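Spelled out, the chains give:
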Amino acid sequence: MKKHITPVQLAMLYTGSFLGAGFLSGQELLQFFGQFGLWGLAGMVLTIAAFGVFSWMSLSIAKRTGYLEFDKIILRQDNKPLRLFFSAVFLIFLFGCTMGMIAGAGALLEQMFGIPALAGDAAMTLLVLAVAAAGAAGLVAAFDLVVPLLVAAAVVIGVLAVFRFPMDAIPALPASDGNPLLGNWLFSALSFLSYNMMAAITILVPLTRDLEDESTIRQGLLLGSGVLTVIFVCILMPMLWFKSLVGEAELPMLALASRLLSVLGVIYALLLLAGMFTAALSCLFGITARMEARRGSPLPRWQLAALCAAAFAGSIFGFKNVVSYVYPVCGYVGFFALLGVAAHYRFLRKNGLDNRQLSH
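Residues take numbers from 1 onward in each chain, read along the sequence in its written order. For a predicted model such as this one, the threshold for reporting local features is a pLDDT of at least 70, and the threshold for listing and counting side-chain atom pairs is 80 or more; totals across whole chains, interfaces and linings nevertheless cover every residue. By convention in this description, side-chain values take in all heavy atoms of the structure and omit both hydrogens and water.

Student: What is the right way to read the packing of helix 1 (residues 7-16) against helix 10 (residues 214-241) from this model?
Tutor: A pair of packed helices is captured by two measures, namely the crossing angle of their axes and the spacing between those axes. Two numbers describe how helix 1 lies on helix 10: the axes approach to 7 Å, and their chain directions differ by 45°. In terms of axis orientation, helix 1 runs oblique to helix 10. With respect to the hand of their crossing, helix 1 and helix 10 are arranged in right-handed fashion. Contacts between helix 1 and helix 10 involve Pro-7, Val-8, Leu-10, Ala-11, Met-12, Tyr-14 and Thr-15 from the first element and Thr-216, Ile-217, Gln-219, Gly-220, Leu-221, Leu-223, Gly-224, Ser-225, Val-227, Leu-228 and Ile-231 from the second. Looking at the contact of helix 1 with helix 10 residue by residue, the classes come out as 12 nonpolar, six polar and no charged. Only the stretch in contact is used when a helix axis is fitted, and all axes are lines through C-alpha atoms; the angle between N-to-C directions ranges over 0 to 180 degrees. Each helix corresponds to a stretch of at least 4 residues labelled H or I by DSSP, and each strand to a stretch of at least 2 residues labelled E; elements are numbered beginning at the N terminus. An angle counts as roughly parallel when it lies under 35 degrees, as roughly antiparallel when it exceeds 145, as roughly perpendicular when it falls between 65 and 115, and as oblique in every other case. Definitions for this section: a left-handed crossing has its near helix turned counterclockwise from the far helix by less than a right angle. A right-handed crossing has that turn clockwise. The contact criterion used throughout is that any non-hydrogen atoms of two residues lie within 4.5 Å. Under the scheme applied, nonpolar residues are Ala, Val, Leu, Ile, Met, Phe, Trp, Tyr, Cys and Pro; charged residues are Asp, Glu, Lys and Arg; polar residues are all the others, including Gly.

Written out as structure tokens, the structure is:
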């Protein structure tokens, strides 16, 4: 008998689909929210709520229609040029993330343990390849293990820092010149929302085959939103309260953990490494799910290995450039994709249709 994904497993997958090397290290949250102070907190609240809404819409569309390709979730009409465009943007973004996570893992291993970056990149690539070969089962197992540990670590570091260090005053800055692509708090929040949803749609939608009903989706997303809120608060608030301590660090949360206790820094480094692994795995899963949907059959192992080899080769470009430039640009493009998701969901709800019966 086929095992279905439970609400708790969906919650972990949902939460994990938003966690990447930059998020877990605090770098993304610092760039997209932290530089705006109290306005950044407003952006955080808006973003978490929108994550839940658009994830519900996307999974509901997939469950009602049977579509597993993200371009069909975005566009109801058979507009091939637009579908091709969004597919290309999504795949480029996911591949860039995969490269970035591998590069981040190599840099972390070199910084913390003195392992050469290329050797760290190679080790992470081989590990991702091995687990990716197990398919969705390997993805579920990885998230089931890593996400709860990351939540616990973020809570511990955030709480300890509040009791240990003096807190900075939090300004309210609606605009910032830190990054020309993220000059306004609202645009920054929308960009963060959009590019993360691009990843989430590609990761979560193929899993609807293993979701029993919409009740499971609803329960899983509610639980996942609660977990995501805890992680946001425990990472973003230290970025605001202790910006003078960690604001210039490449990996701010790791810097904060190391300042608290050296052994805590090592523990968080290992968890951050695990987070990079799950993020790379989930992005690769999004790419292979799309390729398998187009092929109509599982991806041959040699093609999966070739994808991983290409990601390893691209990892020399590093993660910082991906966060600073690729993410915001993909985010602004992805906003139009979210408008498409909303329009598709509204059409199905308004007409009470099962889109399996519609001709595209």
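Structure's up, so let's keep going.
Student: How do you make sense of the packing of aromatic side chains when you look at a structure like this?
Tutor: The geometry of two aromatic rings is summed up by the distance between their centres and the angle between their planes. When the centres of two rings from Phe, Tyr and Trp lie within 6.5 Å, Trp using its six-membered ring, the rings pair. Their planes under 30 degrees apart give stacked, over 60 give edge-to-face, and anything left gives tilted. If you walk through the whole model with that rule in mind, you get 10 aromatic pairs. Summarising the aromatic geometry, the rings of Phe-33 and Phe-232 are spaced 6.0 Å apart at their centres and angled 75° between planes, so their arrangement reads as edge-to-face. Separated by 199 residues along the polypeptide, Phe-33 in the loop between helix 3 (27-32) and helix 4 (38-65) and Phe-232 in helix 10 bring together distant segments of the chain. The pair Phe-33 / Phe-232 is uniform in exposure class, with both members buried. Buried means the residue's accessible area, taken with a 1.4 Å probe over protein chains only, is under 20% of the maximum for its type, while exposed means over 50%, and partly exposed covers the values in between.

Student: Teacher, can you tell me more about the environment of Ile-73 here?
Tutor: With respect to the element layout, Ile-73 can be found in helix 5 (residues 70-74). A sequence separation of 104 residues divides Ile-73 from Asp-177, and the C-alpha atoms of the two residues are 36 Å apart. The contact partners of Ile-73, leaving out residues within four places of it in the chain, are Ser-58, Ile-61, Ala-62, Tyr-67, Val-205, Val-341 and His-344.

Student: Please clarify how the environment of Val-45 should be interpreted in this entry.
Tutor: Take Val-45: it is sitting in helix 4. In this structure the C-alpha to C-alpha distance between Val-45 and Ser-55, which are 10 residues apart in sequence, comes to 16 Å.

Student: Is there a simple way to think about the nonpolar core in this case?
Tutor: If you look at soluble globular proteins, the nonpolar side chains tend to sit buried side by side. To form a nonpolar core, buried Ala, Val, Leu, Ile, Met, Phe, Trp, Tyr and Cys residues must be joined to one another through side-chain atoms within 4.5 Å. By size, the foremost hydrophobic cluster in this structure holds 116 residues, and its most contacted members are Phe-51, Phe-93, Phe-192, Met-197, Phe-232 and Tyr-268. For this core, the leading source of residues is helix 13 (residues 262-295), giving 15 residues. Other than its neighbours up to four places away in sequence, Phe-232 contacts Phe-23, Leu-29, Phe-33, Met-44, Ile-48, Phe-51, Phe-192 and Met-237.

Student: Whenever I open this one, empty space enclosed by the protein confuses me. Can you help?
Tutor: Over the atoms a probe the size of a water molecule is rolled, and this reveals where empty space is left. In this analysis the probe radius is 1.4 Å and the grid spacing 1 Å, with only protein atoms considered; a cavity is a set of points the probe fits into but cannot get out of, a pocket is an open set with protein on both sides within 12 Å along at least five of seven lines, and lining residues have an atom within 4 Å of a point. Grid points are joined across faces, edges and corners, and a volume is the space filled by probe spheres set on the points. Taken as a whole and assessed by the stated rule, the structure comprises three cavities of 30 Å³ or more. Every residue along the wall of the second largest cavity is listed here: Leu-68, Glu-69, Phe-70, Ile-201, Thr-202, Val-205, Pro-206, Gly-286, Ala-289 and Arg-290. Looking at the lining of the second largest cavity, the elements that each hand over two or more residues are helix 9 (185-204) and helix 13. No other element matches helix 13, which puts three residues into the lining of the second largest cavity. Residue composition of the lining of the second largest cavity, grouped by class: six nonpolar, two polar and two charged.

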